Protein chains: 2
Amino acid sequence: MPPKDYQPGTYGKIRYSTRAHYDRDTVFPILDCGLVAHVGFVLNSRPMVIPMAYVRVDETLYIHGAKAARIIKAGAETAPVCLTVTHIDGLVVARSAFNHSVNYRSVVVHGELRNVTDIEEKRHALVAVTNYLLPDRWDEVRPMTDKELRSTGVLAVDIETAAAKIRQGPPIDEDEDYELPIWAGVLPVTQSMGAPEEDPRLLDGVEAPASLAAAQQKFSASSNQP
Amino acid sequence: MPPKDYQPGTYGKIRYSTRAHYDRDTVFPILDCGLVAHVGFVLNSRPMVIPMAYVRVDETLYIHGAKAARIIKAGAETAPVCLTVTHIDGLVVARSAFNHSVNYRSVVVHGELRNVTDIEEKRHALVAVTNYLLPDRWDEVRPMTDKELRSTGVLAVDIETAAAKIRQGPPIDEDEDYELPIWAGVLPVTQSMGAPEEDPRLLDGVEAPASLAAAQQKFSASSNQP
């Protein structure tokens, strides 16, 4: 059984000192309601950050994209990767510019990126990422062919370290500034899913499936904000 | 006068081949409606990605955070950086799992990160980032002190290359799948700002300032989505 908490890595210490959380009970819920991860890797000694769809399955994150496999250098087995998921919850409006801030929840994961070549692990990862974004969608669609399965790139990151950072609540102003007649508070930021837009080529009489309402519920702000 | 288009860098070619745009008319609007940038750098040969507030001023991005200056290695003048801004616009629901996708707009910027030490450039950057998130907020707050100005870390990235990547519209299914009675379309994702929440310690009679409504307008989905 893995330890309950992730250990902070040397890199994790840089910015995640004051408000960092390493326990799974904090880290996993933040990972489990994001629509996109920003995946960072090193290419020719330079940093590269690209947005990718992902899903967490236990202690592993799977990421998915057409060119995903090319992140790993030809000939290499793995590559160091940093995967960051961020939710912006509000603008923190203070009485001084200095104390303005942003309410957010983020998780920074470090690990080694590996190409998923085992066909069964790849299938499980694709089912997981599809059903993560659209609950039980896998059972609503035309079955995946072997050719599609082979030609889809899937990468995995087994989580080595993970740090959550959270800022919530009203502004924290200087003591003397609380007496100023200046507005302060929070401007909430929310993400929501709107009404489904039908494909122009949808066949007549095809009803919206259960996965749409489930996704709207799952990713609406009221479902996952603290 | 700078060239109209950014040149694709060697790293830019990896993933941004099919739908990449390098012209300022595409790149700038995507940068100019984001609330957070994911900033990637290399630390001890490993990638690190952290979310940060930012603003674009002409050809420069300023980023802001308490520990920002520590991204640059002690003794070094600059550090290579990748700054990515992503807007998720919808889940693309196809008739096969294989053709599911995400509608999004993203920009990947590469450049050298430098610490802003010139006090006037730092002041201009702080005014810019404050007024970017909350239009004209700088004139509503208690003036910044010299001590605050000195103790705030600001970093700048002069844009060397920038690539926008955009996916919009309905799913693109296999020809034969269009005859299947399976729902397809787009589940729109929008970001919005809610009603301002007053600080519990707000003085009686202080009205919500103009910056709040301006921010709600500026960052609402209908204002900036394509």
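Residues numbered from 1 in each chain as written. Chains lettered and ligands numbered in written order. Predicted model: local features only at pLDDT ≥ 70, side-chain atom pairs only at ≥ 80, totals over all residues. Heavy atoms only, no water.

Quick word on the overall build of chain A
Then, number 1: Helices and strands together make up the secondary structure of chain A, namely five helices and nine strands.
Then, number 2: Beginning at the N terminus, the succession of helices and strands in chain A can be written as β-α-β-β-β-β-β-α-α-β-β-β-α-α.
Then, number 3: For chain A, restricting intrachain contacts to residue pairs at least 6 apart in sequence, the fraction spanning at least 24 positions comes to 72%.
Then, number 4: When the accessible area of chain A is evaluated, it comes to approximately 9,700 Å², of which 52% is carbon and sulfur surface. (Helix = DSSP H or I, 4+ residues; strand = E, 2+ residues; numbered from the N terminus. Contact = heavy atoms within 4.5 Å. Areas by Shrake-Rupley, 256 points an atom, 1.4 Å probe, with all protein chains shown as cover.)

Here's the deal with the relation of the copies chain B and chain A
Then, number 1: Between the two copies, chain B and chain A, the superposition gives an RMSD of 0.0 Å; the rotation angle is 180 degrees and the shift along the axis is 0.0 Å. This pairing of chains is accounted for by a two-fold axis. For chain B, the minimum C-alpha distance to the rotation axis belongs to Gln191(B) and amounts to 2.2 Å.
Then, number 2: Interface overlap between copies: 100% of the residues of chain B at the interface are likewise at the interface in chain A, consistent with a symmetric, same-surface contact. (Least-squares fit on C-alpha atoms with pLDDT ≥ 70 in both.)

Here we look at helix H4 (residues 210–219) of chain B
Residues and elements named next belong to chain B.
Then, number 1: Those residues of H4 that fall on the buried side of the exposure criterion are Ser-211, Leu-212, Ala-215 and Phe-219. Looking straight down H4, one finds its buried side chains confined to an arc of 100 degrees; they lie on one side. Residues of H4 that are exposed and angled more than 90 degrees away from the buried face: Ala-210 and Gln-217. (Buried < 20%, exposed > 50% of the residue type's maximum accessible area, 1.4 Å probe, protein only. Arc of directions from axis to C-beta.)

Quick look at the confidence of the model for chain A
Caution is warranted with low-pLDDT regions, since their predicted coordinates should not be read in detail.
Residues and elements named next belong to chain A.
Then, number 1: Looking at chain A as a whole, its pLDDT mean stands at 89, while 86% of the residues score no less than 70.
Then, number 2: Confidence scores differ between elements of chain A, with helix H5 (residues 221–224) showing the lowest mean pLDDT of 60 and strand E9 (residues 197–198) the highest of 98.
Then, number 3: Note that residues 10–18 has pLDDT below 50 and, in this model, 27 contacts with residues that lie over four places away or in other chains.
Then, number 4: What the predictor reports for the complex is a pTM of 0.92 with an ipTM of 0.91. (pLDDT = per-residue confidence, 0-100.)

Observations concerning the nonpolar core
Nonpolar side chains in soluble globular proteins generally cluster together in the buried interior.
Then, number 1: Core analysis: the largest hydrophobic core is formed by 131 residues, its most contacted members being Val109(A) and Val109(B).
Then, number 2: When sequence neighbours within four positions are dropped, the list of residues in contact with Val109(B) reads Leu31(B), Leu61(B), Val81(B), Cys82(B), Leu83(B), Val157(B), Ile159(B), Thr161(B) and Ala162(B). (Core = buried A, V, L, I, M, F, W, Y, C linked by side-chain atoms within 4.5 Å.)

Some thoughts on the interface of chain B and chain A
Then, number 1: At the interface, 94 residues of chain B touch 95 residues of chain A.
Then, number 2: Taken together, the links from chain B to chain A amount to six salt bridges.
Then, number 3: In this structure, Asp177(A) engages Arg142(B) in a salt bridge whose closest nitrogen and oxygen atoms are separated by 2.6 Å.
Then, number 4: On inspection of chain B and its partner chain A, the count reaches 31 residue pairs in polar contact (both at pLDDT 80 or more).
Then, number 5: Looking at the side of chain B that touches chain A, the element that brings in the most residues is strand E8 (residues 185–193) of chain B, giving nine residues.
Then, number 6: Relative to E8(B), strand E8 (residues 185–193) of chain A runs antiparallel, the two being bridged by five bridges. In the strand pairing of E8(B), Ser192(A) is matched with Thr190(B). (Salt bridge = Lys/Arg side-chain N within 4 Å of Asp/Glu carboxyl O. Polar contact = N/O pair within 3.5 Å; in protein donor to acceptor, adjacent residues only side chain to side chain. Pairing = 2+ DSSP bridges.)

Topic: unusual backbone geometry
Residue and element names in this part refer to chain A.
Then, number 1: Here Asp-58, not a glycine, exhibits a phi torsion of approximately 55 degrees, which is positive.
Then, number 2: On the secondary structure map, Asp-58 appears in the loop between strand E3 (46–57) and strand E4 (60–64).
Then, number 3: For Asp-136, which is not glycine, the phi dihedral falls at a positive 60 degrees.
Then, number 4: Along the chain, Asp-136 falls in the loop between helix H2 (119–133) and helix H3 (146–151).

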